[in-house]
Amino acid sequence: MTVRLRGLSTAVPTTQLVQTEVEQVFGSQPGLSRLAQRIVSTSFGLSGIDHRYTVLDELTLDGPAPDEPVFYDRESGRLLDPGTRVRMDRYAEHASRLYVEAGRAALAAVPSIAAADVTHVITVSCTGFYAPGPDFVLARDLGLPAGVQRYHLGFMGCYASMPALRLASQLCQADPAAVVLVVSVELCTLHLRTSNDPDTIVATSLFGDGAGAGLVTSRELEPGERAFELDAFATRTTPQGEGAMAWRIGDHGFEMVLSNAVPSLIGEHITGAIEPLLEAEAPLVGALHDGAVGGAIEHWAIHPGGRSILDHVESTLRLSEPQLVPARETLRDFGNMSSATVLFVLDRILRDPGATDGDRVAAMAFGPGLTVESALLTVRG
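Residues numbered from 1 in each chain as written. Predicted model: local features only at pLDDT ≥ 70, side-chain atom pairs only at ≥ 80, totals over all residues. Heavy atoms only, no water.

Before going further, it helps to examine the pairing of strand 14 (residues 360–367). Here strand 14 lies mainly inside the structure; 8 of its 8 residues are buried. Both faces of strand 14 are covered, namely the face carrying Arg360, Ala362, Met364 and Phe366 and the face carrying Val361, Ala363, Ala365 and Gly367. Relative to strand 15 (residues 371–380), strand 14 runs antiparallel, the two sharing 8 bridges. Paired with Met364 across the two strands is Ser374, which belongs to strand 15. The hairpin formed by strand 14 and strand 15 contains 3 residues between the paired strands, and Gly369 there has a positive phi angle of roughly 150 degrees. (Buried < 20%, exposed > 50% of the residue type's maximum accessible area, 1.4 Å probe, protein only. Helix = DSSP H or I, 4+ residues; strand = E, 2+ residues; numbered from the N terminus. Pairing = 2+ DSSP bridges.)

Now the structure itself:
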C-alpha cells in the first residue's frame with residue numbers, strides 16, 4: 001500500500017524578529033560578562049539567520065510598547081523573566097490559534113478531503129502543555145468527526161515530526177481508509193532568556209516560532225497535485241552525546257542544553273544513523289558507502305538545527321551545495337522552529353519546480369538522545 005503526505009502547509013506568527021536587532025538587545029543586557037557578549041556577537045552573527053518569527057508582539061521594536069511589559073521592557077531595554085505559568089498561558093493562547101490555522105490550511109490544500117473525512121489527529125510540540133490539548137482544539141475548531149482518534153507527541157524535541165509522520169503512516173497501513181491530520185506547533189521564543197551560559201546564548205540565537213501540517217493517507221492524488229510518498233523511516237541514537245542536547249522545565253520557562261559538540265557528533269555518526277533507512281534498497285546503501293549517496297538521492301530535507309550542523313552533514317555525506325539550499329534557506333528565513341522546521345524544508349522542496357516526479361528525498365531531524373530520526377520519500381506529481 002502506498003501512503004502519501006499531502007496538503008503540506010506552514011504558518012508563522014505575524015511578528016518578525018530581525019537577527020541584527022535581536023543581537024543588539026541580547027548583547028546589551030545588564031549582567032552579561034565580556035565573554036558572554038563576545039559569544040552573543042559570534043552566535044548571532046554566524047547563525048545563518050536573517051529573521052525569525054515570534055508570538056510575542058512586545059518583542060518587536062516597532063509600534064506602541066505595552067503598558068505592562070511581561071517579556072521585554074522596551075523603555076529600559078531589559079529582557080524580563082516571567083515564570084513558567086505565564087509562559088504556558090501564552091502558549092495555550094497562541095499555539096491553539098496556530099494549530100488551527102495550519103490544520104485548516106492543510107485541509108484546504110486537498111479539496112477532495114473534507115474535515116469529515118479525518119479519522120486521526122496527531123499533534124506535536126515540545127514548547128508547551130495544556131489540557132484539553134491541541135488535539136482537542138483541532139477536532140473542535142475544525143469540525144472533525146466526534147469519534148476522531150487523537151494523539152499528542154509532546155516534549156520529544158526537534159525530531160518529533162518524523163515519528164509523527166511514521167505513526168500516521170502506520171495508521172494508514174493498518175486501515176486503508178484512514179486520513180491522518182498531523183500538525184506541529186512550536187513557540188520556542190516563549191523560553192528565550194538572557195544568560196552568561198554559552199549553551200543558552202546559542203539557543204537564543206537560533207530559535208523561532210512556527211507551525212507545519214499535512215494529511216497522511218493512502219487515497220489517490222488529485223490531477224496536478226504534488227505530494228510525497230512515505231517510503232521508509234528509521235530511528236537511531238548516537239553512542240555518544242546523551243547530555244549534549246536536553247530540554248528541561250525550569251521555574252522560568254523551559255531550559256535548553258545545546259552543547260557546541262552537537263554538530264561534530266552528528267557529523268561523526270550521521271552515516272551510521274542513515275544506513276538503516278536505506279537498507280531495503282541495496283543501491284542506496286552501496287551509494288552511501290561509496291560516498292555517492294548525494295547522487296543517488298536528489299533532495300535532502302535536513303533539519304537546520306544550526307548552520308554548523310548543516311555544514312557537517314553536507315561534508316560527511318558529500319552532498320552538493322544546492323542539495324542543502326532548502327535547509328539553509330529555511331534557517332535563514334525562519335530560524336530553528338524545533339519539530340516544525342523539517343516540515344518547512346519539505347514544503348520548500350515540494351514547491352521547487354526542479355523537484356520532479358519520482359525524485360527521492362531523504363529527510364533527517366535531530367534531537368535529545370542524541371537521536372536521529374530519518375525518512376525516505378518520493379516526490380509525486
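There is more to say, and it comes next.
Another aspect to go through is empty space enclosed by the protein. Tallied over the entire structure, the rule returns 2 cavities of 30 Å³ or more. Here the largest cavity defines a volume of roughly 60 Å³. Lining the largest cavity, in full, are Cys158, Phe207, Met245, Met256, Leu258, His303, Gly305, Ile309, Asn336 and Phe366. Class assignment for the residues of the lining of the largest cavity results in 7 nonpolar, 3 polar and no charged. Approximately 30 Å³ is the volume attributed to the second largest cavity. Taken together, the elements giving at least two residues each to the lining of the second largest cavity come down to helix 2 (34–45) and helix 6 (198–206). Its residues assigned to classes, the lining of the second largest cavity shows 4 nonpolar, 3 polar and 1 charged. (1 Å grid on protein atoms, 1.4 Å probe; cavity = no way out; pocket = protein on both sides within 12 Å on 5 of 7 lines; lining within 4 Å. Points joined across faces, edges and corners; volume = space filled by probe spheres on them. Nonpolar A, V, L, I, M, F, W, Y, C, P; charged D, E, K, R; others polar.)

We now examine the packing of aromatic side chains. Considering all chains together, one arrives at 8 aromatic pairs under this definition. Through a chain of ring-to-ring contacts, the aromatic side chains of Phe129, Phe155, Trp247 and Phe254 assemble into a single cluster. (Phe/Tyr/Trp six-rings, centres within 6.5 Å; stacked < 30°, edge-to-face > 60°.)

With 12 residues, helix 2 ought to run about 16 Å at 1.5 Å a step, and its terminal C-alpha atoms sit 16 Å apart, in line with that. Listing the buried residues of helix 2 in full gives Ala36, Ile39, Val40, Ser43 and Phe44. Down the axis of helix 2, the buried side of the element spans an arc of 115 degrees, and every buried residue falls inside it. Across helix 2 from its buried face, at more than 90 degrees, point the exposed residues Arg34, Arg38 and Gly45. Tucked inside the fold, the buried residues of helix 2 contact helix 1 (19–27), strand 3 (51–54) and helix 6. (Expected span 1.5 Å × (residues − 1). Arc of directions from axis to C-beta. Contact = heavy atoms within 4.5 Å.)

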